[in-house]
Amino acid sequence: MTNSIDANRDQDSAAFAIPLSSASATGPTVVVLATQWETSSEAGWITRQVAGALACLGTVHVVTPGGGIASVRTDGVFTVHHLGGLLRPQALVEGNVVADALAAVDRAAREQSALTGPMRPETTLLDRGLTEAWSPASGVLDDLRPDLIVLADHRNLGALAAIQRHSPTAPVALVALDDGRGHLELAEFAPVLDRADAVLAITEAERLRLEARMAARGMSAPVTRIGAPMVANSSARSEPNTWVGDSDYLFVLTDTSSEDASVQTELARLLTLRFCDRPVGIAHTDGFFAWHEGRFNDGWAIERSSDRARLMAWARVTIDLRHASLFGRDVVESLLFGTPVVVPHDSQARQHAHLGGGGLWFEGPADLTWATEALLDPALSEQLSRQGKAYAEELFGSTDRFIDRVIEACQLDVSDLPEVVRSPSAAQA
Amino acid sequence: MERQGVDRQGVERQGVEKQGVAPPAIDPEELLEQLKSQHRVLRWEPLAPEQLSSGREQARAGVNLEYLHHHWQLPITFTPTPAPGIRGRLRNRLGALVFRTLTPYLTAEQELLVNMVRATDALEKRCDELTDRIDTLRNEVMRRQVAEAKNQAELAAWLTLDRPSELPIDAEPSPSASDSANTTSAGTTSDAANGG
């Protein structure tokens, strides 16, 4: 399979500028293959943003498995094709668990044998339950005859198989969605990377991981960091949240219940004890708890992004105890509000604190308290706030720049299109 | 490994700088190192518990109680002494008369003394019991304090460990962490052992 992909790629790799076979005034036809079409997760949200950016240029069809009965419906500017059938929710979880286990095995083998030992045989466990659901996708692709196929997630072997059945030479842009868990190194997923003509990364850290992996595979497809389109909600600064007021409070984000015996809950409790002299607002899954001087008021769980934004905008420090699933969207949003952050050292969100200088990170409870204490110093907080805001605005704070980067990364030949369609930001300027 | 990590971060930073973002005036990494070095001198250890009581403090006032036990019985009858002559007989008769007159009072007096000595004995016994109870309670409280302190030491050691999810299954705690735990709790437990 890998050989045939390489052979096909070789034919096209000389000059990869995707010609628009169906070029017209409406622009190219783009098909996005995504296992899940939703916005609750960071991966789902960024996939939708990429699709939205491409919708500025042409017609975007989204193909997604599951949905019971095969159907086509309109979702905003997108036409969504549900392939039908049943996509077991457990299949994704099982796939991730197996991938985590294999990544751990490979990591241990590499450390022990210093890259010289025999590698384990490849497994097909990763495909189980996911590949079959994508079977009808090749028919949809045949019908749509897209100018560009956008494949979401570098682990999407089912969609890759559908693309190969449709056309082994069709241009493919891969939104890698690598979460840094080591899945990128797995040989099982390598065919997806090998097949991509262009790879889109969200952050600089992800881009470097992808480049390293591509170089190791001997592939030369360009990897482009596209960032994400985010803006600080200006209305969030208009009125503080009454639970914690507008004084110098700490805003703590968790993804655990207040009654869980988890590390996050314990760390949040530690913060309420250490910083009992100021309000500490803790967002648990079962409610929002505002602690001050040993007493607390509780309220509904923070579910609306506008509430979360308001709390971040007025906070002195945002402490995100969660491990960012992809790039730490809430942390970037906090930096856009000029609120410094404290994050776990092994979270994907650390790169924003580190590279942007917008906050600190911690390994244990002691580091957490020191880092938080440091950020309560007005002068230091002011400086980190400025740094983090500049970083976030430059790399994430512009929708227009995001659209330009996505279009450029996908290497669509748009010379025949009107200026207003070809470069929305330039036209707007 | 560490070197690679540093290199990688450097490359990441260069990549971001290429995007037009100036390097931060305050480097968070340097700041964290500075914070760690500042806080490294502070060490937390549990409070050493008070030494446990080794002997009972009895309420017994040995000499006085012993005297009471030996002298509670007063003479309530007249014992005539053989004495020749009228004077001797007269003294014996007078003594017998006086004692016969005072016998009810002396008997009552003796009863009172008997009961007072018995009450004192009971009080002494009760005092000893209470002293024992206080000692027991105090020792229990101290043992509890020792256990709490040990628990706090273990908590402090646990909090400085990596999260359990990051440790491989069956992994031993890192030497530094376990050393720290031993160091922190050893003083307490040995104190407890010595005291207990």
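Residues numbered from 1 in each chain as written. Chains lettered and ligands numbered in written order. Predicted model: local features only at pLDDT ≥ 70, side-chain atom pairs only at ≥ 80, totals over all residues. Heavy atoms only, no water.

Here's the deal with the overall build of chain B
- A count of helices and strands for chain B gives five helices and zero strands.
- Overall, chain B shows an N-to-C arrangement of helices and strands of α-α-α-α-α.
- The buried share of chain B, taken over its 196 residues, is 21%.
- Counting contacts in chain B only where the partners sit at least 6 residues apart, residues at least 24 apart contribute 76% of the total.
- In the structure as shown, chain B presents an accessible area of about 14,700 Å², 57% of it carried by carbon and sulfur atoms. (Helix = DSSP H or I, 4+ residues; strand = E, 2+ residues; numbered from the N terminus. Buried < 20%, exposed > 50% of the residue type's maximum accessible area, 1.4 Å probe, protein only. Contact = heavy atoms within 4.5 Å. Areas by Shrake-Rupley, 256 points an atom, 1.4 Å probe, with all protein chains shown as cover.)

Observations concerning the overall build of chain A
- Each helix and strand counted, chain A has 16 helices and 15 strands in total.
- For chain A, with 429 residues in total, the buried portion stands at 58%.
- Across chain A, contacts joining residues at least 24 apart in sequence account for 67% of those joining residues at least 6 apart.

Here's the deal with the packing of helix α12 (residues 365–375) of chain A against helix α2 (residues 28–39) of chain B
- Between α12(A) and α2(B), the least distance of the axes is 10 Å, while the angle of their chain directions is 115°. Classified by the angle their axes make, α12(A) and α2(B) are roughly perpendicular. For the pair α12(A) and α2(B), the sense of crossing is right-handed. Touching A:D367, A:W370, A:A371, A:E373 and A:A374 of α12(A) are B:L35, B:K36 and B:H39, all from α2(B).
- Across the contact of α12(A) with α2(B), the residue classes tally to four nonpolar, one polar and three charged. (Axes fitted to C-alpha atoms, helices over the stretch in contact; angles between N-to-C directions. Parallel < 35°, antiparallel > 145°, perpendicular 65-115°, else oblique. Left-handed = near helix turned anticlockwise from the far one by under 90°. Nonpolar A, V, L, I, M, F, W, Y, C, P; charged D, E, K, R; others polar.)

Describing a nonpolar patch on the surface
- Taken together, B:L94, B:L97, B:V98 and B:L102 make up a surface patch of nonpolar side chains, about 340 Å² in accessible area.
- The topology assignment puts B:L102 in helix α4 (residues 85–159). (Patch = residues over 30% accessible without salt bridge, like charges linked within 9 Å, V, L, I, M, F, W, Y side chains within 5 Å. Salt bridge = Lys/Arg side-chain N within 4 Å of Asp/Glu carboxyl O.)

Observations regarding the sheet that holds strand β1 (residues 29–33) of chain A
Residue and element names in this part refer to chain A.
- Spatial strand order, β3-β4-β2-β1-β5-β6-β7-β8: eight strands in an open sheet with mixed pairing. Each edge of the open sheet is held by one strand with a lone partner, namely β3 (66–75) and β8 (223–225). In this sheet, adjacent strand axes meet at a mean angle of 20° when their direction is disregarded.
- The pairing of β1 with strand β5 (residues 148–152) spans four bridges and is classified as parallel. Across the sheet, residue V32 finds its bridge partner in β5, namely V150. (Pairing = 2+ DSSP bridges.)

Some points on the sheet that holds strand β9 (residues 250–253) of chain A
Residues and elements named next belong to chain A.
- With respect to topology, seven strands assemble into an open sheet ordered β12-β11-β10-β9-β13-β14-β15, the strand pairing being mixed. Whereas interior strands pair on both sides, the edge strands pair on one side only; in this sheet they are β12 (295–299) and β15 (359–362). Strand after strand, the sheet turns through a mean of 20° between neighbouring axes, direction not considered.
- Pairing between β9 and strand β13 (residues 317–320): four bridges, direction parallel. If you follow V252 over to β13, its bridge partner there is I319.

Notes on the packing of aromatic side chains
All names here are of chain A.
- Throughout the structure, instances matching the rule amount to eight aromatic pairs over all chains.
- A network of ring pairs unites the aromatic residues W45, F327, Y391 and F396 as a single cluster.
- Of note, R237 hangs over the ring of W314, and the distance from its end group to the ring centre comes to 4.6 Å.
- Sitting above the plane of the F275 ring, R274 keeps its charged end 4.8 Å from the centroid. (Phe/Tyr/Trp six-rings, centres within 6.5 Å; stacked < 30°, edge-to-face > 60°. Lys NZ or Arg CZ within 6 Å of the ring centre and 35° of its normal.)

Observations concerning the packing of helix α8 (residues 263–274) of chain A against α12(A)
Residues and elements named next belong to chain A.
- At their nearest, the axes of α8 and α12 sit 11 Å apart, and the two run at 45° to each other. Between α8 and α12, the angle is such that the two are oblique. The interaxial crossing formed by α8 with α12 has right-handed handedness. Residues L267, L270, L271 and R274 of α8 lie in contact with α12, whose contacting residues are P365, L368, T369, T372 and E373.
- Looking at the contact of α8 with α12 residue by residue, the classes come out as five nonpolar, two polar and two charged.

Overview of the confidence of the model for chain B
Residues and elements named next belong to chain B.
- For chain B, the average pLDDT comes to 69, and 55% of its residues sit at 70 or higher.
- Summarising per-element confidence for chain B, the mean pLDDT is lowest in helix α5 (residues 175–195) (37) and highest in α4 (86).
- Low pLDDT, under 50, characterises residues 1–6; the stretch is placed with zero contacts to residues that sit more than four places away or in other chains.
- Overall, residues 162–196 carries pLDDT values under 50, and its contacts beyond four positions in sequence, including any with other chains, amount to 33 contacts.
- Overall fold confidence for the complex sits at a pTM of 0.67, while the interface term, ipTM, reaches 0.70. (pLDDT = per-residue confidence, 0-100.)

Overview of the side chain of A:T372
All names here are of chain A.
- As for its placement among the helices and strands, T372 is situated in helix α12.
- There is a polar contact of 2.6 Å between the side chain of T372 and the backbone oxygen of L368.
- In this view, T372 contacts L250, L271, F275, I319 and V342; residues no more than four positions away in its chain are not counted. (Polar contact = N/O pair within 3.5 Å; in protein donor to acceptor, adjacent residues only side chain to side chain.)

A few points about α12(A)
- Within α12(A), nine of the 11 residues are buried, which leaves it mostly tucked inside the rest of the structure.
- The set of residues buried in α12(A) consists of A:P365, A:D367, A:L368, A:T369, A:W370, A:A371, A:T372, A:A374 and A:L375.

Notes on a negative patch on the surface
Residue and element names in this part refer to chain A.
- A grouping of E259, D260, D286 and D298 is seen on the molecular surface, where their side chains present a negatively charged patch.
- Along the chain, D260 falls in the loop between β9 and α8.
- Taking relative accessible area as the criterion, D260 reaches 35% and is therefore assigned partly exposed. (Lys, Arg positive; Asp, Glu negative; His and termini not counted. Charge placed at Lys NZ, Arg CZ, Asp CG, Glu CD.)

Digging into the environment of A:V223
Residues and elements named next belong to chain A.
- Here V223 shows up in strand β8.
- Sequence separation between V223 and E211 is 12 residues, and the spatial gap between their C-alpha atoms is 6.4 Å.
- Each residue touching V223, except ones within four places of it in the same chain, is listed here: V199, A201, R207, L210, E211 and M214.

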